[in-house]
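This is what each chain is made of:
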Amino acid sequence: MAADFTEETAAKAVVDSFTDTRDPRLRQILTSLVEHLHGFVRDVEPSMQEWEQAIGFLTATGQMCSDTRQEFILLSDVLGVSMLVETLNDRKPEAVTDSTVLGPFHVVTSPRREFGDSIDEVGDGQPCVVTGRVVSVDGTPLPGAGVDVWQADAHGFYDVQRPDVTPVGNLRGLFTTDDGGAFEFRTVMPRHYPIPTDGPVGQLLTRTSRHPYRPAHIHFIAEAAGHHPVTTHVFVAGGEYLDTDAVFAVKQSLVRDFVEVDDPQQARRYGVTAPFRHVQFDIVLAPTGA
Ligand code: BEZ
Ligand code: FE
């Protein structure tokens, strides 16, 4: 006869129920999940009312999800889980550019743009020039690499958040590096912005007296043949919220000076008006064979 389900035997009873699981990885994951979950419940000792509240919170989180909104990923982001998964999967040679979260505003098809093009289709904001090179760990330039970029505008919104105000594709671009592995584009200075707060995750932030802001940044995905792709950001040095990013995604190695340039000759060279800001952001990729 099976032993009674008690506080002491509960976790083992459930773990034992997975004995016949054929996939060993699935069995490992479920075993660890149950052990941690039961440990958490024993630690917190929720009342029935708190347990119902927790179920209500998770239900509301699921109900907030749609084709264009992923509240569970946002929950994972504000609990630091997304960055932890990212970091665990990013063990690589030190010289390689650090990765950080993808975020919910990436679109599969950024507009294809040419070297030196502007990704700004609105003209609202401080002009900014971004230059860089994609190289391998040994410094070899990677011509023909793909560089997908996207960012929030001067008001802190992505194009997809206000399709009635900004054209879709604004402040996005898919570039290909030149023969020297270089990329270059014109844009406007990104601004810090709040993550979406109109759902359960926003309530969690309010209840814990946390702000919803992300520091100003530009997103990048760089990929080149024979190399691991990297999903990352460049952050604006000196910007607000660098120390308290709502999703814990700042790495010091990704913070750069966006230097103020007041030289008309340089402005002409890049096709902008002075004064403008300039950032150099080189991206180092790890070879797949290494
Ligand atoms: C973003 O940088 O676009 C982002 C990342 C995580 C949550 C919300 C936004
Ligand atoms: Fe972002």
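Residues numbered from 1 in each chain as written. Chains lettered and ligands numbered in written order. Predicted model: local features only at pLDDT ≥ 70, side-chain atom pairs only at ≥ 80, totals over all residues. Heavy atoms only, no water.

With that settled, consider the site of ligand 1. Close contacts around ligand 1 come from Leu-74, Asp-77, Gly-103, Pro-104, Phe-105, Tyr-158, Tyr-193, Ile-195, Arg-214, His-217, His-219 and Val-247, and that covers them all. Within the side chain of Tyr-193, a nitrogen or oxygen atom sits 2.7 Å from an oxygen atom of ligand 1. Here ligand 1, which alone exposes 260 Å², has 100% of that area covered by the protein. Mapped by element, the contributors of at least two residues to the shell around ligand 1 are helix H4 (71–78) and strand S7 (217–223). For the shell around ligand 1, a count of residues per class yields seven nonpolar, three polar and two charged. (Near = heavy atom within 4 Å. Polar contact = N/O pair within 3.5 Å; in protein donor to acceptor, adjacent residues only side chain to side chain. Areas by Shrake-Rupley, 256 points an atom, 1.4 Å probe, with all protein chains shown as cover. Helix = DSSP H or I, 4+ residues; strand = E, 2+ residues; numbered from the N terminus. Nonpolar A, V, L, I, M, F, W, Y, C, P; charged D, E, K, R; others polar.)

Glancing now at the coordination of the iron ion (ligand 2). The iron ion (ligand 2) binds to the protein through Tyr-158 (OH), Tyr-193 (OH), His-217 (NE2) and His-219 (NE2); the donor distances cover 1.9 to 2.2 Å. Bound by six donor atoms, the iron ion (ligand 2) shows angles of 53 to 164 degrees at the metal and therefore irregular coordination geometry. All donors to the iron ion (ligand 2) come from one chain, and their sequence spacing reads Y-x34-Y-x23-H-x1-H. Taken together, the residues span a long stretch of sequence, with Tyr-193 in strand S5 (residues 193–194) and His-219 in strand S7 at a distance of 26 residues. Comparing Tyr-193 with His-219 shows no difference in burial state: the two are buried. (Donors = N, O, S within 2.8 Å, 3.2 Å for Na, K, Ca; no water. Tetrahedral: all angles 85-135°; square planar, octahedral: opposite > 155°, others 65-115°. Buried < 20%, exposed > 50% of the residue type's maximum accessible area, 1.4 Å probe, protein only.)

With that settled, the discussion passes to the domain arrangement of the protein chain. Quoted interface sizes are often the accessible area lost when the parts come together. What the domain assignment reports for the protein chain is domain 1 (10–45) and domain 2 (75–285). The C-alpha centroid of domain 2 is placed 39 Å from the C-alpha centroid of domain 1. (Domains from an automatic or database assignment.)

Regarding helix H6 (residues 200–207), the residues found buried are Pro-200, Val-201, Gly-202, Leu-204 and Leu-205. Here the buried face of H6 lies against helix H3 (48–63) and H4. Looking one or two places after H6, you find Ser-209, whose phi comes out positive at around 55 degrees. (Contact = heavy atoms within 4.5 Å.)

Taken together, the side chains of Glu-7, Glu-8, Asp-43 and Glu-45 present a region of like negative charge at the surface. Mapped onto the secondary structure, Asp-43 falls in helix H2 (residues 24–44). (Patch = residues over 30% accessible without salt bridge, like charges linked within 9 Å, V, L, I, M, F, W, Y side chains within 5 Å. Salt bridge = Lys/Arg side-chain N within 4 Å of Asp/Glu carboxyl O. Lys, Arg positive; Asp, Glu negative; His and termini not counted. Charge placed at Lys NZ, Arg CZ, Asp CG, Glu CD.)

Turning our eyes to something else, we now look at H2. For H2, spanning 21 residues, the distance from its first C-alpha to its last is 30 Å, which sits close to the expected 30 Å at 1.5 Å a residue. Between the side-chain oxygen of the N-cap and the backbone nitrogen of Arg-25 there are 3.0 Å, and the N-cap of H2 in question is Asp-23. Count one or two residues on from H2 and you reach Glu-45, which has phi positive near 45 degrees. (Expected span 1.5 Å × (residues − 1).)

Another point: the pattern of salt bridges. Under the counting rule described, the total for this entry stands at ten salt bridges. The salt bridge involving Asp-198 is made with Arg-69; its shortest N-O contact spans 2.9 Å. With Asp-198 in the loop between S5 and H6 and Arg-69 in the loop between H3 and H4, the pair connects residues that are 129 residues apart, well separated along the chain. Overall, Asp-198 belongs to the exposed group, its relative accessible area being 57%. The closest approach of N and O atoms between Glu-184 and Arg-269, which form a salt bridge, is 3.6 Å. A residue pair is termed long-range when its members are at least 10 positions apart, and Glu-184 in strand S4 (residues 182–188) and Arg-269 in helix H7 (residues 264–270) qualify at 85 residues. For Arg-269, a relative accessible area of 52% puts it in the exposed group. Here the salt bridges share partners, and the residues they tie into one network are Arg-69, Glu-71 and Asp-198.

A separate point is the packing of aromatic side chains. Across all of its chains, the model carries eight aromatic pairs by this definition. Ring plane angle 20 degrees and centroid distance 5.2 Å describe the contact between Phe-175 and Phe-185, whose orientation is recorded as stacked. Of this pair, Phe-175 sits in strand S3 (residues 172–176) while Phe-185 sits in strand S4, and the two are ten residues apart along the sequence. With relative accessibility at 1%, the residue Phe-175 sits in the buried group. Summarising the aromatic geometry, the rings of Phe-183 and Phe-220 are spaced 6.0 Å apart at their centres and angled 55 degrees between planes, so their arrangement reads as tilted. (Phe/Tyr/Trp six-rings, centres within 6.5 Å; stacked < 30°, edge-to-face > 60°.)

Taken together, the five strands give an open sheet; going across it, the order is S3-S2-S7-S8-S9, and neighbouring strands pair in mixed fashion. Edge positions in the open sheet fall to S3 and strand S9 (255–256), since each of these has one partner strand only. (Pairing = 2+ DSSP bridges.)

We now examine the nonpolar core. Soluble, globular proteins show a tendency: their nonpolar side chains are buried together. With 32 residues, the main nonpolar core has Phe-220 and Ile-283 as its most contacted residues. For this core, the secondary structure elements donating two or more residues are strand S1 (127–136), strand S2 (146–151), S4, S7, strand S8 (230–236) and strand S12 (283–285). Among the elements that make up this core, the one with the highest residue count is S8 (four residues). Within the second largest apolar cluster, twelve residues are counted, among which are Val-101, Val-201, Leu-205 and Val-247. (Core = buried A, V, L, I, M, F, W, Y, C linked by side-chain atoms within 4.5 Å.)

Bringing the packing of H4 against H6 into the picture now. To characterise two packed helices, one gives the angle between the axes of the helices and the distance between these axes. H6 packs onto H4 with a crossing angle of 25 degrees between their chain directions and a minimal axis gap of 9 Å. With respect to H6, the element H4 is oriented roughly parallel. Here Glu-71, Leu-74, Leu-75 and Val-78 of H4 come into contact with H6, specifically with Pro-200, Val-201, Gly-202, Leu-204 and Leu-205. By residue class, the composition of the contact of H4 with H6 is seven nonpolar, one polar and one charged. (Axes fitted to C-alpha atoms, helices over the stretch in contact; angles between N-to-C directions. Parallel < 35°, antiparallel > 145°, perpendicular 65-115°, else oblique.)

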